[in-house]
Amino acid sequence: MSAAGIALMLGGAGIMLAAGPAQAAEVSYATECIPPSISGLPPVEGTTKVQITAPATAKVGDEVDVVWKFTQAASNNPNVLDLNKDVVQPTGTLKAAGAQSADIAMKGPRSNPPIPKNSPMVLSDMTAKLKLTKAGDVTLTPDAYNINVNQIMSTDTKCTPKATVGVGATIKVTDAGGTTGGTSGGSTTGGTTGSTTGSTTGGATSGGTSGSTTSGSTASGGTTGATTSGGAASGGTTGSTASGGSTGGGDGQSDFPGKEVAVDFACTAPGPASIQSKVTINAKKSGGSYALTVKTAKGVMNSPADLPAGALKPSMQVTVGGADKGTVAVTGPANPDPVKAGAPVSLSDMTGTYKPGASGKSTLSPGDLSIDVTLGGAPIHIPCKVSGSAPVSLELDTSAQPGGAAGGSGSATTAGSGGAASTSTSGGLAQTGASGTGALRALGLVAGTVVLLGGAVFTFTPWRRLRGRS
């Protein structure tokens, strides 16, 4: 006798067979994915295709298994970064409605094959259990999902539907003790498939910390006419000039506090889109040179991911103007404590030595900022240029010193070293004598793109990697 005949006989005898899993029809829906802020990419749109599997029939009180299978992620892994084996993990929300309402938390294992650049994304099946509490039809509809990539650092991309999503499966639930012969549901109608916006092609999914990066402090862009004491290193008098803080010179004064000025920085991917901060340059005279301390505002940006202690170091090229010309390299120590994803990041105070190359009134203004991050042994260089011209923070009465900054090439010496190390004004950062660093290496944007890591999962516009950000 056939299996179907046996089933009919058992059914006629009042014996209820356990329902097999109901394979739902494929559901397609338009999706918007927010890449991690550190990737430097805007929100992107694509199409997600999934299948929801659940029992066709069940009884009140049953706890059933539900499976969410991705048949198509919102985009390919772009031509940026090869993803290693078992670094991608999806999570999501499945909406139960009808006789019973619930948000079902779905989760898949961190299990994937190696995913080469420019190839389809592979996401594991997500599973969950649902306790059935009421009789009737319970519909299951896919909703938002998140892609976590743990390669070099942990990043998240959050993807949400941009249109009404169709039902993926239906469970017919009967009261305990009753029988039913319901069939499994599965709507093939979902949200409309999303066309790619802008100049991008394809959908988007990514592994990076979601959420746009914002600066931790607001700052107006213009110069400030009022004079303030901007974090003086010691109790020197504050200056009151339109060009900056204290005017240094004779009379035995050794501490020269600068004026706090607002500066906008435009950064390059993989950094934030922009950084706005108030900056103060203070000086302490030592012989004919000046030990500089550059302070930025607290919380200049939000961390795009969990950063261990010692992962982030700032540096800056202070611009010398007025009677003197050049740049002075200053650097700060790495972050002493871990920083959680999304938490404000404060840059450490940066120090270096200014050796004047001309006599007269010389000015010091905030210059280009660099943020160097090391994660998993991979260096990431984020250059941030001053937008427009930065206001003067400090004016000093200087006397020319041998090997000083005049002439436009700039110089910086390690405090106490007595020697000068020239800094190049082209091609990025060459060796400087900034305190505590020895040499800063111009890592370049190519190395920086490594930070796209999980962000590379759903970024699909390679030209964006070369686009100025922050």
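What counts as what
Per chain, residue numbering runs from 1 following the sequence as it is written. Predicted model: local features are reported for residues with pLDDT of at least 70 only, side-chain atom pairs are reported and counted for 80 or more only, and whole-chain, interface and lining totals are derived from all residues. For side-chain calculations, the full set of non-hydrogen atoms in the structure is used, while hydrogens and water are omitted. By definition, any uninterrupted DSSP run of H or I lasting at least four residues is a helix, any uninterrupted run of E lasting at least two residues is a strand, and each is numbered from the N terminus. Two residues qualify as a contact provided that any one of their heavy atoms is within 4.5 Å of a heavy atom in the partner residue. Computed with a 1.4 Å probe, the accessible areas rest on the Shrake-Rupley method; for each residue, only the protein chains presented here act as cover. For Phe, Tyr and Trp, where Trp contributes only its six-membered ring, two rings pair if their centres lie within 6.5 Å, and the inter-plane angle classes them as stacked under 30 degrees, edge-to-face over 60, or tilted in between. A 1.4 Å probe rolled over the protein chains alone gives each residue an accessible area, and that area as a share of the maximum for its type sets the label: buried under 20%, exposed over 50%, partly exposed in between. In this text, buried Ala, Val, Leu, Ile, Met, Phe, Trp, Tyr and Cys residues form a nonpolar core when linked through side-chain atoms within 4.5 Å. Count a disulfide wherever a pair of cysteine sulfur atoms falls within 2.5 Å. By the convention used here, strands pair only if DSSP detects at least 2 bridges between them. Salt bridge, as used here: a side-chain nitrogen of Lys or Arg that lies within 4 Å of a carboxyl oxygen of Asp or Glu. Residue-level confidence of the predictor is what pLDDT reports, using numbers from 0 through 100. N or O atoms closer than or at 3.5 Å make up a polar contact, with two conditions inside protein: a donor-capable atom paired with an acceptor-capable one, and, for residues adjacent in sequence, both atoms drawn from side chains.

**Q** Quick question: what am I supposed to make of the overall build of the protein here?
**A** Regarding its fold elements, the protein presents three helices and 29 strands. Restricting to contacts in the protein with at least 6 residues of sequence separation, those with at least 24 account for 74%. When the accessible area of the protein is evaluated, it comes to approximately 18,900 Å², of which 53% is carbon and sulfur surface.

**Q** Is there a simple way to think about the packing of aromatic side chains in this case?
**A** For any pair of aromatic rings, the description consists of the separation of the ring centres together with the inter-plane angle of the planes. Applying the stated criterion across every chain yields a total of five aromatic pairs. Look at Trp 68 and Phe 70: their rings are 5.6 Å apart centre to centre, the planes differ by 45°, and that puts the pair in the tilted class. There is no split in this pair, since Trp 68 and Phe 70 are both buried. An aromatic cluster is built from Trp 68, Phe 70 and Tyr 145, whose rings are joined through pairwise contacts.

**Q** Can you walk me through the nonpolar core in this structure?
**A** The tendency in soluble globular proteins is for nonpolar side chains to be buried as a group. Phe 265, Met 316, Tyr 354 and Leu 364 are the most contacted members of the largest nonpolar core, which totals 42 residues. Not counting residues up to four positions away in its chain, the partners in contact with Met 316 are Phe 265, Val 279, Val 294, Val 328, Ala 329, Val 330, Met 350, Pro 366, Gly 367, Asp 368 and Leu 369. Counting 38 residues, the second-largest nonpolar core is a separate cluster that includes Leu 83, Val 87, Leu 123 and Cys 159.

**Q** Got a minute to help me understand the state of the cysteines in this structure?
**A** Each disulfide consists of a covalent bond between the sulfur atoms of two cysteine residues. Enumeration according to the criterion identifies two disulfides in this entry. Between Cys 33 and Cys 159 runs a disulfide, and the two sulfur atoms are separated by 2.1 Å. Since a negative S-S torsion denotes a left-handed disulfide, the Cys 33-Cys 159 link at about 115° is right-handed. Taken together, the residues span a long stretch of sequence, with Cys 33 in strand β2 (residues 27-34) and Cys 159 in strand β12 (residues 153-161) at a distance of 126 residues. Both residues of the pair, Cys 33 and Cys 159, count as buried.

**Q** Looking at this structure, how should I read the pairing of strand β7 (residues 88-98)?
**A** Consecutive residues of a regular strand have side chains that alternate between opposite faces of the sheet. Pairing between β7 and strand β11 (residues 136-151): ten bridges, direction antiparallel. The residue bridging Ala 97 from the neighbouring strand is Thr 139, located in β11. The pairing of β7 with strand β8 (residues 102-107) spans six bridges and is antiparallel. Its bridge partner lying in β8, Thr 91 is registered against Lys 107.

**Q** Just to check I follow, could you spell out unusual backbone geometry for this structure?
**A** Glycine aside, a negative phi is what most residues show, and trans is what most peptide bonds show. With a phi angle near 60°, Asp 86 is a residue other than glycine that sits in the positive phi range. When its relative accessible area of 29% is taken as the criterion, Asp 86 is described as partly exposed.

**Q** When you look at the pattern of salt bridges in this model, what are you seeing that I'm missing?
**A** Opposite charge on two side chains makes pairing possible when the charged atoms of those side chains draw close. Enumeration over the complete set of coordinates arrives at ten salt bridges. Between Glu 32 and Lys 162 there is a salt bridge, and its shortest N-O distance comes to 3.9 Å. Residue Glu 32 is located in strand β2, and its partner Lys 162 is located in the loop between β12 and β13 (169-174); the two are separated by 130 residues in the primary sequence. Here Lys 295 and Asp 349 are joined by a salt bridge, their closest N and O atoms 2.7 Å apart. With a gap of 54 residues between them, Lys 295 in strand β18 (residues 289-296) and Asp 349 in the loop between β22 (344-345) and β23 (350-354) connect regions that are remote in the sequence. Judged by its relative accessible area of 31%, Asp 349 is partly exposed.

**Q** Looking at this structure, how should I read the pairing of strand β26 (residues 378-386)?
**A** Both strand β16 (residues 261-267) and β26 contribute to a ladder of three bridges, which runs antiparallel. Residue pairing across strands places Phe 265 opposite Val 386, the latter belonging to β26. Taken together, strand β25 (residues 369-375) and the strand that follows it, β26, pair antiparallel across an intervening segment of two residues, in which Gly 376 is found at a positive phi of about 60°.

**Q** Looking at this structure, I do not really get the confidence of the model for the protein. What am I missing?
**A** Close inspection of predicted coordinates is inappropriate in any region flagged by low pLDDT. The pLDDT averaged across the protein works out to 71; a share of 64% of its residues lies at or above 70. Across residues 178-243, where pLDDT falls below 50, the model places 219 contacts with residues more than four positions away in sequence or in other chains. Counted against residues more than four places away or in other chains, residues 407-470, with its pLDDT under 50, gives 203 contacts.

**Q** Sorry if this is basic, but what is going on with the environment of Gln 276 here?
**A** Within the secondary structure, Gln 276 sits in strand β17 (residues 274-286). A sequence separation of 20 residues divides Gln 276 from Thr 296, and the C-alpha atoms of the two residues are 9.8 Å apart. In terms of polar contacts, Gln 276 uses its side chain to reach the side chain of Ser 274, at 2.7 Å.

**Q** Help me out: how do you make sense of the environment of Val 320 in this one?
**A** With respect to the element layout, Val 320 can be found in strand β20 (residues 312-322). Taking the C-alpha atoms as reference points, Val 320 and Val 392, separated by 72 residues in sequence, lie 9.3 Å from one another. When residues no more than four places from it in sequence are discounted, the contact partners of Val 320 are Lys 325, Gly 326, Thr 327, Val 328, Tyr 354, Thr 363 and Leu 364.

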